[in-house]
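Residue strings, one per chain:
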Amino acid sequence: MFNPNYIYTFIFVVVVAMYQLGWSNLYPKLTTPLLVFLIATILINFAFGFFVNRFNKLRFKIIETKEKNGNSWIVILILLILWGIDKFFGDIPTIHILLITFTSFYSIHVFSRYLREKTKNLFIGFIILFLTVSLLGTFRILIFFNLITYLLTYIYIRDPLKSLKGKLVVMGSVISILYIFGYLGNNLKGESYNDGELILTIGEASDGFRESIVPNEFFWTYLYASSPLANLELNVEKKNSIEPTLRDTFLWVNSEFMPDFISGKVFALMNEKPISQMQINDAMNVSTVYLRSYRYASWLGLLVMALYIAIFPIIYLSLIKNTKFFIPGLVSLITIYLFLVFDNLFAFSAISFQLVYPLLSRIRIFRKKTDGE
């Protein structure tokens, strides 16, 4: 479960399978080249995941430290002071994103320590950090991502899935969340949403879905999960890509492989904007991790991004596996891989930049400081 390559394999298998249900008349049929490409990426990521697990190239383990609770409170106090300064001066862009990402990252670290050490002070510190990000953060979706990282941290440390009861509870919870998500979507804006008729109309639900026994609430989940793949297929089918020049290649790397708080500044300096895309519907604007790479460099872009996705976990987790920040780095990476089917979260600073902090702990000056804790 905690192998990012396996997460990619599972998510894309589920979404490709859902797409084949044909529940929306909006969706173009998956063409053979794209289907073959997706199956190939699924097999490659499974192979990478199997290689890692089978030959123990990465030993996922908790690094116990002698870190004092007082040190965590000093960090929390400094963060609160910096948050106050940032708010007083009106959200200084670079400082603001660093504060958001580090506070989120450090809250995972404190939560993981609390689960292991079960001390009241650590729990209070965790709550303060979580509320700080939740109440003061610019990226509201980060709250959702944080909740996922906390859940993954809990599962990683407590391992509730080792029993049949635990598995059933988790599966039941996931199904319930999906149903509630759809129910709230259907009833959020009044009577016109009742029975899910509006979303069935917007999503052009097929007769096959309307005549099935599946509750209308699950059509929301179907659309959210599979519409990004429909957008990708539409652009591939229409050959909506460019022949990249050297400048375009630089823009591609900047757009897809750099955090957006950096790439946004580069785009502004070059008087450019992120590349646009075709969509099956104005309301459905997400398009998997692959679409912009396809727009910038056609099939070469897809292949490069696919290799990047397959190789990145091996390199990254190898670098952080012997640090005390292994858990925050691991669960943040898994969260990114959970949502690659929606968008390129490598470029979403609020989550991707959290991967930087465990790497910084490898630098000698930081190791010397933490060794004495």
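Everything below is about the structure printed above this text.
Note that this is a predicted model, so its numbers are computed, not measured.

Moving on to the overall build of the chain. Scanning the chain for helices and strands turns up 17 helices and 0 strands. Looking at the chain as a whole, 46% of its 373 residues qualify as buried. Partitioning the intrachain contacts of the chain with sequence separation of at least 6 by distance along the chain shows that 76% fall at a separation of at least 24. In the form shown here, the chain has an accessible surface area of approximately 18800 Å², with 67% of it arising from carbon and sulfur atoms.

With that out of the way, let us pick up the nonpolar core. One broad rule of soluble globular proteins: the nonpolar side chains tend to lie buried together. One finds F219, Y290, I309, Y337 and L340 to be the most contacted residues of the largest nonpolar core, which totals 91 residues. Non-local contacts of I309, meaning those with residues more than four positions away in its chain, are made with N5, Y8, N45, V289, Y290, Y337, L340 and F346. Counting residues in each nonpolar core, the second largest holds 6 residues, with W252, F267, Y296 and A297 among its members.

A word on helix 14 (residues 326-338). Since the α-helix packs 3.6 residues into each turn, any two residues three or four apart lie on the same face. If you check helix 14, its first and last C-alpha atoms are 18 Å apart, about what 13 residues at 1.5 Å a residue would give, namely 18 Å. Most of helix 14 is tucked away, with 12 of its 13 residues classed as buried. Regarding helix 14, the residues found buried are F326, I327, P328, G329, L330, V331, S332, L333, I334, T335, I336 and Y337.

For any two helices packed against each other, one specifies the crossing angle of their axes together with the interaxial distance. With their axes 11 Å apart at the nearest point, helix 11 (residues 246-257) and helix 13 (residues 291-320) run at an angle of 55° to one another. Taken together, the axes of helix 11 and helix 13 are oblique relative to one another. Helix 11 and helix 13 meet at a crossing whose hand is right-handed. Seen from helix 11, the contacting residues are D248, L251, W252, S255, E256 and F257; seen from helix 13, they are R292, S293, Y296, A297, L300, G301, V304, M305 and Y308. Its residues placed into classes, the contact of helix 11 with helix 13 shows 9 nonpolar, 3 polar and 3 charged.

A separate point is unusual backbone geometry. Phi is positive for K239, close to 55°, though the residue is something other than glycine. Here K239 lies in the loop between helix 10 (217-237) and helix 11. Of note in this structure, T288 is not a glycine but carries a positive phi near 70°. Note that T288 resides in the loop between helix 12 (260-269) and helix 13.

Looking at where A225 falls in the secondary structure, it is placed in helix 10. Relative accessible area serves as the criterion here: at 11%, A225 is assigned to the buried category. Spatially, the C-alpha atoms of A225 and V341 are 7.7 Å apart, while their sequence positions differ by 116 residues. Residues in contact with A225, not counting those within four places in the same chain, are V15, M18, V341 and F342.

Helix 2 (residues 32-54) packs onto helix 1 (residues 4-19) with a crossing angle of 150° between their chain directions and a minimal axis gap of 8 Å. Considering the angle they form, helix 1 stands roughly antiparallel to helix 2. Taken as a pair, helix 1 and helix 2 cross one another with a handedness that is left-handed. Mapping the contact onto sequence places N5, Y6, Y8, T9, F12, V13 and V16 in helix 1 and L35, L38, T41, I42, N45, F46, F48, G49, F50 and N53 in helix 2.

Under the defined criterion, the tally for this structure stands at 4 salt bridges. For the salt bridge of R113 with E117, the shortest nitrogen-to-oxygen distance reads 3.1 Å. On the criterion of helical spacing, the pair formed by R113 and E117 is a turn pair, its members being 4 residues apart in helix 4 (residues 93-117). Residues D343 and R292 are paired through a salt bridge, measuring 3.2 Å at the closest nitrogen-oxygen approach.

On to the side chain of N240, then. Topologically, N240 is positioned in the loop between helix 10 and helix 11. A distance of 2.6 Å separates a polar atom in the side chain of N240 from a polar atom in the side chain of N235. Sequence-distant contacts of N240, defined by excluding residues within four places in its chain, comprise N235, Q277, M278, Y294 and R295.

Right, let's talk about the environment of Y290 for a bit. The topology assignment puts Y290 in the loop between helix 12 and helix 13. A sequence separation of 13 residues divides Y290 from L303, and the C-alpha atoms of the two residues are 9.2 Å apart. When residues no more than four places from it in sequence are discounted, the contact partners of Y290 are Y8, F12, F37, T41, L232, L302, M305, A306 and I309.

Within the secondary structure layout, S293 lies in helix 13. Judged by relative accessible area, which is 0%, S293 ranks as buried. A distance of 3.0 Å separates polar atoms of two side chains, one belonging to S293 and the other to W252. Contact partners of S293, with chain neighbours within four places excluded, come to W252, E256, S298, G301 and M305.

Cut-offs used in this document
Residues numbered from 1 in each chain as written. Predicted model: local features only at pLDDT ≥ 70, side-chain atom pairs only at ≥ 80, totals over all residues. Heavy atoms only, no water. Helix = DSSP H or I, 4+ residues; strand = E, 2+ residues; numbered from the N terminus. Buried < 20%, exposed > 50% of the residue type's maximum accessible area, 1.4 Å probe, protein only. Contact = heavy atoms within 4.5 Å. Areas by Shrake-Rupley, 256 points an atom, 1.4 Å probe, with all protein chains shown as cover. Core = buried A, V, L, I, M, F, W, Y, C linked by side-chain atoms within 4.5 Å. Expected span 1.5 Å × (residues − 1). Axes fitted to C-alpha atoms, helices over the stretch in contact; angles between N-to-C directions. Parallel < 35°, antiparallel > 145°, perpendicular 65-115°, else oblique. Left-handed = near helix turned anticlockwise from the far one by under 90°. Nonpolar A, V, L, I, M, F, W, Y, C, P; charged D, E, K, R; others polar. Salt bridge = Lys/Arg side-chain N within 4 Å of Asp/Glu carboxyl O. Polar contact = N/O pair within 3.5 Å; in protein donor to acceptor, adjacent residues only side chain to side chain.

In short, geometric facts, not functional conclusions.
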